[in-house]
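Reading the structure
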Amino acid sequence: MRRVPLHRWLAVVPGLLILGGVPFANRVHRLVLGLPFLLLWIVGCVLLTSATMALIGSLDAKAARSAGASPDPPDRDAAR
Amino acid sequence: MNPALLIIALFLAFAFLLGLLARRGRTMTLEQWAVGGRGFGALLVFLLMAGEIYTTFTFLGGSGWAYGRGAPAFYILGYGAIAYAISYFLLPVIWRYATRHHLHSQPDFFVSKYKSPGLGVLVSLVSVAALVPYLVLQLKGLGIIISEMSYGTLSVAAAVWISVTALVVYVVISGVHGSAWTAILKDIMILVVAVGLGLYLPWHYYGGFGPMFAAIDHAKPGFLTLPAKGMSVSWFVSTVLLNALGFYMWPHGFASAYTARSEDVFRKNAVVMPLYQLVLLFVFFTGFAAILQVPGLAGAQGDLSLLRISKLAFPPPVVGLIGAAGLLTALVPGSMILLTAATILSKNVYRPLVRGTSEQTVGRLARGLVPVVALAAVCFTLSGGEALVPLLLLGYNLVTQLFPALVLSLPERPLATRIGSMAGIVTGEAIVAWSSLSGTTLAKLLPTWPSVITDLNIGIVAMTLNFAVLLAVSAVTRERVPAQAIEEPAAAT
C-alpha cells in the first residue's frame, strides 16, 4: 500500500472545520459583518477549501516534478 | 395572456427552436449542462460555470428554505465544498480505471470492478430511483413558475401538465443532441437574475444585508441559527456529510469523471468549484428578503417566495424574465435527467436482462421510456406536497447508499465482495425507502433517546448499516474468492 504524502492530509482540514465547527459556530447568535455567524463560518470554510486544494495541487505537482521520471504523468495516461 | 406568461411562452418557444437547430449539433449529456472549454474567453467560461450551479433546486428550493427554515438552508452551501475536496482524490482513481477499461456509464464501473452484471442492474435501479425525486423537483419547479406567471389563471395541476408536456417535447425535439445554446442562455440568464435579485432586494427593502438580517433576527429570534431540536446541529452535520459523500454517486456526476481530458481537470475543479458555490449566497439573500415582505407562505409554499417577492418588487414584464430564467433552469437539467433515467433503464437494466438486445432496440426503448418516466414523475409531483429541498434530500439518501460499495471497490482488488455489496446496498435502500414511505423517523422510533442521535439524517444511519452489512457479508463470502480466482482463468481458456 502506498503511503499518502503528508501534505495531502491538509484536505481534511476545511471539511473538519465545517463538520466539527458548526456545533460551535451555531452558538454565536450575533451578526458578524452583517451576516449570521453560522453563514459566515461556512463561507469561510468554502474559501479555505479552495485555498487548501490549490496548495495541495501545487505541492503534488512539485512532488511529481521532483520524482523526476516524467514531468506530467496524467498526460501519459491520457495518451494511452 | 398577461405579459409575464407571454414572455415565458416566448422563451419556451425559443428553447424549442434552439433544440431543433441543435439536432445536428454536438452531443450533450447530463454531465455537460453547459460549457467546459469550448473556446470561449476565460471570463465568459467563468460566468457560465457559475451559472451552472443554479438548478430549480437552488433557485426556488434554496430561496424557499432560506425563507421557511432559515439557518438549516445553509447546508446547501456546506456539502459542495467537501465534495470537491473529496473529488480531488476520488475522481482521478475512477478516471484512470474507467479510461483503461473503456467504461461509459456509472453502472459499468460496478459491473467491471465486481465482475457482476447483476450488481450493475441493482446500481442502475438505485440510480433511477434517486433520479425520480430529482425529476419531480424540476417538474414541481416548472409548475410553480408557470402557475405563478399566470397570476392565478392556471392551477398548479394544470401548470404541471403543461410543464411535463413542454419537457417531453423538448427532449423529443433535441434528443441526445441537447442544445448547448439553451444551456448557455440559461446559465447567463440565471446568473444575472439570481445575483441581481440577491443584491437588489435586500438593498431596496432594508437598505443592505446587515439591516436585513438584523430585522429578521428581531422578528424571528433564533431563525438564523440551527434549532435545538429537529433540524439541529446533528441533522446539519449528518446531512452535509451524507450529501458530500453522495455528490459523485449521481449517475451524471460519476460519469463526468469519465469525460475529463486529463487528471488535471479534477485538480483545477477542486480549487474553482467551491468558489462557484458562493453564488448560492444570493439565492439565500433573496429568500431572506422575502420573509418580512411576503409573509405567510407556510411549508412547501416557501418555494414560491422568490417569485412572490419578485412580483411585489417588479412589473409583470420583468417578472416574466425572472420566470423565464427559472423556466430554463428547470427545463435544461430536467430534460437531461429524464433522458438519463430512460437511457439507464434501457441500456443498463433491460439489455443485461434480455440477452441479444440490439443497439437499435436499446435506442428505441430509451426513447419510448421518456414519456413513461415523465408520467411517473407527474404522478409523484401531483400526489406529494413536499417542498423542493426535501425531494433532493430524499434523492441523496437513495443515491449515497452506493458510496460504501464504490469506495471499497477502489483498491486493485475490491475489499468487498459482489454479494456483500448487493446486501449492503439493498439494506441501505430498504431503510431509506421504508422511512420515506411510512414517514417513520428516528425521533418516533426512539422517543427517549437524546436528540443528538434522533435528529441524525436517516440516510447516514442507513449508510452506516449498509457499511456494516457489506463488511459482514463480504467477510463471510470472502473465502470463496480464491477458489473463483483459480477457476476463472481456466474458464476463460
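Computed from a predicted structure; not experimentally measured.

**Description of the overall build of chain A**
Across its full length, chain A holds three helices and two strands. Reading the helices (α) and strands (β) of chain A from amino to carboxyl end gives α-β-β-α-α. Expressed as a percentage of the 80 residues in chain A, the buried residues total 35%. Contacts in chain A between residues far apart in sequence, at least 24 positions, make up 57% of those at least 6 positions apart. Accessible surface for chain A amounts to roughly 4900 Å². Of this, 68% is attributable to carbon and sulfur atoms.

**Thoughts on the overall build of chain B**
In terms of regular secondary structure, chain B is built from 23 helices and zero strands. When each of the 493 residues of chain B is scored for burial, the buried share is 58%. Long-range contacts, defined here as pairs at least 24 residues apart, represent 84% of the contacts in chain B between residues at least 6 apart. With an accessible surface of roughly 19200 Å², chain B has 69% of that area assigned to carbon and sulfur atoms.

**Some points on the nonpolar core**
Buried together is how nonpolar side chains tend to be arranged in soluble globular proteins. If you look at the biggest cluster of nonpolar residues, it comprises 169 residues, and the most contacted ones within it are Tyr75(B), Leu77(B), Ile94(B) and Phe288(B). The leading source of residues in this core is helix α6 (residues 117-149) of chain B, at 17 residues. Setting aside its immediate chain neighbours within four residues, Leu77(B) contacts Leu39(A), Ile42(A), Val43(A), Val46(A), Gln277(B), Leu278(B), Leu280(B), Leu281(B) and Phe284(B). Listed in part, the six residues of the second largest apolar core include Met53(A), Ala85(B), Tyr88(B) and Ala270(B).

**Remarks on the pattern of salt bridges**
Should the charged atoms of two oppositely charged side chains come close, the side chains can pair. All names here are of chain B. Inspection of the entire model under this criterion finds four salt bridges over all chains. One salt bridge connects Arg308 with Glu148, and the closest N-O pair in it is separated by 2.8 Å. With Arg308 in helix α14 (residues 305-313) and Glu148 in helix α6, this pair connects stretches of sequence that are 160 residues apart. By relative accessible area, Arg308 is classed as partly exposed at 29%.

**Points about the interface of chain B and chain A**
Chain B puts 38 residues into the contact, and the matching count from chain A is 33 residues. For the pair chain B and chain A, the summed buried surface comes to about 3000 Å²; carbon and sulfur atoms form 78% of the total. The interface formed by chain B and chain A holds zero salt bridges in total. Counting every contact that joins chain B to chain A gives three residue pairs in polar contact (both at pLDDT 80 or more). Of all the elements in the fold, those that place two or more residues in the side of chain B that touches chain A are α4 (75-101), α9 (209-219), α10 (233-246), α12 (264-277) and α13 (280-293) of chain B. Ranked by residues supplied to the side of chain B that touches chain A, first place goes to α4(B) with ten residues. Of the residues that constitute the side of chain B that touches chain A, the class distribution is 27 nonpolar, four polar and seven charged.

**Quick word on unusual backbone geometry**
Even without glycine at this site, Leu33(A) takes up a positive phi of about 55°. Mapped onto the secondary structure, Leu33(A) falls in the loop between β1 (31-32) and β2 (35-36).

**As for the packing of α6(B) against helix α15 (residues 316-353) of chain B**
Think of two packed helices as two axes; the pair is described by the angle between the axes and how far apart they sit. Residue and element names in this part refer to chain B. At a minimum axis distance of 8 Å, the contact between α6 and α15 shows a crossing angle of 160°. Taken as axis vectors, α6 and α15 run roughly antiparallel relative to one another. As for the relative orientation of α6 and α15, their crossing is left-handed in sense. A breakdown of the residues in the contact of α6 with α15 according to their chemical character gives 21 nonpolar, eleven polar and no charged.

**What about a nonpolar patch on the surface?**
Residue and element names in this part refer to chain A. Taken together, the side chains of Val4, Leu6, Trp9, Leu10, Val12, Val13, Leu16, Leu17, Leu48 and Leu55 present a nonpolar region at the surface, about 880 Å² in accessible area. Sort the elements by how many residues they give to the nonpolar patch and helix α1 (residues 12-25) lands first, with four residues. For Trp9, the location among the structural elements is in the segment before α1.

**Looking at the packing of aromatic side chains**
Residues and elements named next belong to chain B. Counted according to the given criterion, the structure contains 24 aromatic pairs over all chains. Measuring from ring centre to ring centre gives 5.7 Å for Tyr75 and Trp235, while their planes differ by 75°; the resulting arrangement is edge-to-face. Residue Tyr75 is found in helix α4, and its partner Trp235 is found in helix α10; the two are separated by 160 residues along the sequence. By the burial criterion, Tyr75 is buried, and Trp235 matches it. Linked through ring pairs, Trp65, Tyr75, Tyr79, Tyr84, Tyr134, Trp235, Phe236, Phe247, Tyr248, Trp250 and Tyr396 together constitute an aromatic cluster. Over the aromatic face of Tyr97 sits the side chain of Lys113, whose NZ or CZ is 4.3 Å from the ring centroid.

**Comments concerning the confidence of the model for chain A**
On average, residues of chain A score 80 in pLDDT, and 81% of them are at 70 or above. Below a pLDDT of 50 lies the segment residues 70-80 of chain A, which in the model reaches 15 contacts outside its immediate sequence neighbourhood of four places, other chains included.

Conventions adopted
Residues numbered from 1 in each chain as written. Chains lettered and ligands numbered in written order. Predicted model: local features only at pLDDT ≥ 70, side-chain atom pairs only at ≥ 80, totals over all residues. Heavy atoms only, no water. Helix = DSSP H or I, 4+ residues; strand = E, 2+ residues; numbered from the N terminus. Buried < 20%, exposed > 50% of the residue type's maximum accessible area, 1.4 Å probe, protein only. Contact = heavy atoms within 4.5 Å. Areas by Shrake-Rupley, 256 points an atom, 1.4 Å probe, with all protein chains shown as cover. Core = buried A, V, L, I, M, F, W, Y, C linked by side-chain atoms within 4.5 Å. Salt bridge = Lys/Arg side-chain N within 4 Å of Asp/Glu carboxyl O. Buried area = accessible area lost by both parts, 1.4 Å probe. Polar contact = N/O pair within 3.5 Å; in protein donor to acceptor, adjacent residues only side chain to side chain. Nonpolar A, V, L, I, M, F, W, Y, C, P; charged D, E, K, R; others polar. Axes fitted to C-alpha atoms, helices over the stretch in contact; angles between N-to-C directions. Parallel < 35°, antiparallel > 145°, perpendicular 65-115°, else oblique. Left-handed = near helix turned anticlockwise from the far one by under 90°. Patch = residues over 30% accessible without salt bridge, like charges linked within 9 Å, V, L, I, M, F, W, Y side chains within 5 Å. Phe/Tyr/Trp six-rings, centres within 6.5 Å; stacked < 30°, edge-to-face > 60°. Lys NZ or Arg CZ within 6 Å of the ring centre and 35° of its normal. pLDDT = per-residue confidence, 0-100.

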